[in-house]
Amino acid sequence: MSDIALLPQVEAFLARHHALFIDGRYVQSQGAQTLDVVNPATGQVISQVSEASPGDIDAAVESARRGFKQWSAAAPAVRGHVLLKLADLLERHREELAQIETCQSGKIIQISRAFEVDQAAHFLRYYAGWATKISGQTITPSLPSFAGERYTAFTLREPVGVVVGIVPWNFSTMIAIWKLASALVTGCSIIIKPSEFTPLTILRIAELAMDAGLPPGALNVLTGGGQVGKGLIEHPGTNKVSFTGSVPTGLAVGQSAMGAGLTRATLELGGKNAAGFLPDVAADVAVNGIIEAGFLHSGQICAAAERFFVHRSQLEPIMDKLAQRLSKLNIGSPLDEATEFGPVTNRQHQRKLGEFFAKARAQDNTIIHGGKLIDGPGCYVEPTIILANSRNDTLLHEETFGPIATFLPYDSEEELLELMNDTPFGLSASLWTNDLGKALRMVPAIEAGTVWVNMHTLLDPAVPFGGSKSSGMGREFGSAFIDDYTELKSVMIRY
Ligand code: NDP
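*Asks:* I keep staring at the site of the ligand and nothing clicks. Help me out?
*Replies:* Around the ligand, the structure places 30 residues, and the nearest of them are Lys193, Ser246, Leu269, Cys302 and Glu399. In the model, an oxygen atom of the ligand is placed 3.4 Å from a nitrogen or oxygen of the Gly245 main chain. Note that a nitrogen atom of the ligand is positioned 3.5 Å from one of the backbone N or O atoms of Glu268. Burial of the ligand by the protein amounts to 89% of the accessible area it has alone, namely 900 Å². Ranked by residues supplied to the shell around the ligand, first place goes to helix 8 (residues 226-234) with four residues. For the shell around the ligand, the class distribution of residues is 14 nonpolar, eleven polar and five charged. Split by domain, the shell around the ligand shows at least three residues from each of two domains, domain 1 (8-270 + 472-492) and domain 2 (273-460).

*Asks:* Looking at this structure, I do not really get the nonpolar core. What am I missing?
*Replies:* The nonpolar side chains of soluble globular proteins are, as a tendency, buried together. The biggest cluster of nonpolar side chains holds 76 residues, and the ones touching the most others in it are Leu90, Leu124, Leu180, Ile192 and Leu214. Three or more residues apiece are contributed to this core by two domains, here domain 1 (8-270 + 472-492) and domain 2 (273-460).

*Asks:* Just to check I follow, could you spell out the domain arrangement of the protein chain for this structure?
*Replies:* One frequent convention defines the size of an interface as the accessible area lost when the parts assemble. Split by domain assignment, the protein chain resolves into domain 1 (8-270 + 472-492) and domain 2 (273-460). The centre of domain 1, based on its C-alpha atoms, is set 31 Å off from the matching centre of domain 2. In this assembly, 28 residues from domain 1 lie in contact with 29 residues from domain 2. Interface area for domain 1 against domain 2, summed over the two sides, is near 2400 Å², with a carbon-plus-sulfur share of 66%. The interface formed by domain 1 and domain 2 holds one salt bridge in total. A salt bridge links Arg113 to Glu337; its shortest N-O distance comes to 2.9 Å. Remark: the boundary between domain 1 and domain 2 carries seven residue pairs in polar contact (both at pLDDT 80 or more). Elements represented by at least two residues in the side of domain 1 that touches domain 2 include exactly helix 4 (94-105) and helix 5 (109-130). Broken down by element, the side of domain 1 that touches domain 2 gets its largest block of residues, six residues, from helix 5. When the residues that make up the side of domain 1 that touches domain 2 are grouped by side-chain class, the tally is 14 nonpolar, eleven polar and three charged.

*Asks:* I keep staring at the side chain of Asn346 and nothing clicks. Help me out?
*Replies:* Along the chain, Asn346 falls in the loop between helix 11 (315-327) and helix 12 (347-362). With residues up to four places along the chain from it excluded, the contact list for Asn346 reads Pro40, Trp169, Phe197 and Cys379.

*Asks:* It is not clear to me how the packing of aromatic side chains should be interpreted in this structure. Could you clarify?
*Replies:* Aromatic ring pairs are described here by two measures, namely the spacing of the ring centres and the angle between the planes. Scanning the entire structure with this criterion turns up 13 aromatic pairs. Relative to Phe477, the ring of Phe123 lies with its centre 4.9 Å away and its plane at 55 degrees, an arrangement referred to as tilted. One end of the pair, Phe123, is in helix 5; the other, Phe477, is in the loop between strand 24 (472-473) and helix 15 (480-485), and 354 residues separate them in sequence. Judged by its relative accessible area of 0%, Phe477 is buried. An aromatic cluster is present here, built from Tyr126, Tyr127, Trp130, Phe481 and Tyr485 joined pairwise through their rings. Taking NZ or CZ as reference, Lys107 lies 4.7 Å from the ring centre of Phe171, over its face. If you follow Lys240 out to its NZ or CZ, it ends over the ring of Tyr485, 4.7 Å from the centre.

Procedures and definitions
- Residues numbered from 1 in each chain as written.
- Predicted model: local features only at pLDDT ≥ 70, side-chain atom pairs only at ≥ 80, totals over all residues.
- Heavy atoms only, no water.
- Near = heavy atom within 4 Å.
- Polar contact = N/O pair within 3.5 Å; in protein donor to acceptor, adjacent residues only side chain to side chain.
- Areas by Shrake-Rupley, 256 points an atom, 1.4 Å probe, with all protein chains shown as cover.
- Helix = DSSP H or I, 4+ residues; strand = E, 2+ residues; numbered from the N terminus.
- Nonpolar A, V, L, I, M, F, W, Y, C, P; charged D, E, K, R; others polar.
- Domains from an automatic or database assignment.
- Core = buried A, V, L, I, M, F, W, Y, C linked by side-chain atoms within 4.5 Å.
- Buried < 20%, exposed > 50% of the residue type's maximum accessible area, 1.4 Å probe, protein only.
- Contact = heavy atoms within 4.5 Å.
- Buried area = accessible area lost by both parts, 1.4 Å probe.
- Salt bridge = Lys/Arg side-chain N within 4 Å of Asp/Glu carboxyl O.
- Phe/Tyr/Trp six-rings, centres within 6.5 Å; stacked < 30°, edge-to-face > 60°.
- Lys NZ or Arg CZ within 6 Å of the ring centre and 35° of its normal.

Okay, structure coming up:
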C-alpha cells in the first residue's frame, strides 16, 4: 500500500501563510513572529502560522466581546441550528479536514476520519440539542410573612461571557470542538488557542463556522505558544478558561485564572490511568482490551491506560500474546490506509519517550517488547511492553503519554484496588471481568472520574467526563458542562 493523494484543497491550505482568525476573518498578526508546523511522519515543515502578539490578544478579546454581545442575544434555537449546520459542514469536508489533521499530527488517517471529524460532528449535534433545553428553577422561599406578603424566586442560567479554550496537540480538532460547542450553545463567545504543534485544522473549522452562520467574533482562533494562552487568561476582558493539557501547565493555568480576578476555570488534565484484569478474563480478550486501552493513537490519549495490573497466574500468557500482536502491527505512514500504528506528534515528545525507556532500564525493569525510538526523519517510537519490578518504579507513576504499557502482577482483589489507586491522578480506569456483580461492587472503590467495565478510552457526549484527584476540575459532556459555562443568577420577588 502507499500514501493516499492529498486533495488539491489540502495542498492549497497547507501552502498558505496562516494569519490569525479574528472577527470572522483572517487578520495579519501585529507582530512578525511565525511558527513552523512540522509533519511528524516526515520531519518536513508543511505550513506556517502566526505567533500572536500582545496587540493581537487585545484585538481577539475585543472581537470576542462584540461577538458575545450579539451571540448571547441569539435565540436558543438559532444557536442550536448553527451548531447543527457546522456538524453538516464538518461531514461535507470530512476528507479535507482528516488529511489536514493527519499531516499536522501524524494521526493515522482512519483515526482522523473517525474521531477528529465523525466523532466531532456527533459531539456537535449532541451539544446543539442542549440549546433549547437549558433552564433555571422556580423556587418557593420559606421567608416568614408578617403582613401577608409572599415571595417567589427563580434562577436564570446566563452565559459566563468570553471563554478562552486552550487545546493540546493529541486530539486538536475534537477537543477544540468540545470547547467551542459548550461555549457557543450556552451563548458564550470563545477564543481558541490551539497547541503550537497542531494549529491548522481549527483554522479551517473557523472558516466553516462562518459559513454555518456564526456571527463574526463568536469564534476566534489565536495561534502561538503558551504565552498566548497565558495572555488570554490574564486579560481583563475574558471570563473563563477551559483548558485541556498536562498537569504542570494546568496548575499554571489555574494560578493565572485565580490571579486574574477569579476567572472561571475548567481543567482537564493528564493522568496515569490503570486497567485491572481479573483472572476470569481470557488472555485473548485481555490482549484486545490492552490494545484498546493503551495503544490507540500511539497511547497519546489522556484517558488511555498506562498501568496494567494482571493476576500473577495470567501474567506470562497475556504478555506473550500481547508481544506477538504488537510485533505484527503495521507501523508506517499515517497517510497509508494500511498503517495501524503511526508516529508520535512531535520530536520533543519522541525524545521524552526515549528518556522513559532509559529510566525503565536504569531501574532494571524488563522490556518485554519494543523500548526504542525508531531511527529516521519521522517521530516514530516502538510500541512497548514493560514489566516493572515494584509498585514504586517510575514507569508506574509518571505519565508517558505514549505507546508504553507497564505491567505489574497482583495476587488479591484488595491488592489490585490498592495498586489501581496508588497515584495522585484520577482521570479514568477500567476493570475487566465476566462477573458484573463483582465489578459493580469494586467500582465505588476506584478513584477516577470515569470507570469503564470491559472497555476503555471510548467517550460519549452524554456521559460526563473529567478528572478526580489531581486530574482536573470540572466536567465536560452530559448536562455537567452547563454549570461551567453559565452563571446561576437568582431572582427573588416579594408580592
Ligand atoms: P500542555 O499542557 O503542554 O499544553 C496544552 C496547551 O496549553 C497547549 O495549547 C499549550 O500551548 C498551552 N500552554 C502552555 N503553557 C501555557 C500557559 N502558561 N498558559 C496557558 N496555556 C499554556 O499539554 P500537551 O499539549 O503537551 O498535551 C499533552 C497533555 O495533555 C498530557 O498530559 C495529557 O494527559 C493531557 N490531556 C488531557 C486530556 C483530558 O481531557 N484530561 C485530554 C488530552 C490531553 P503550546 O503547545 O503552544 O505550548
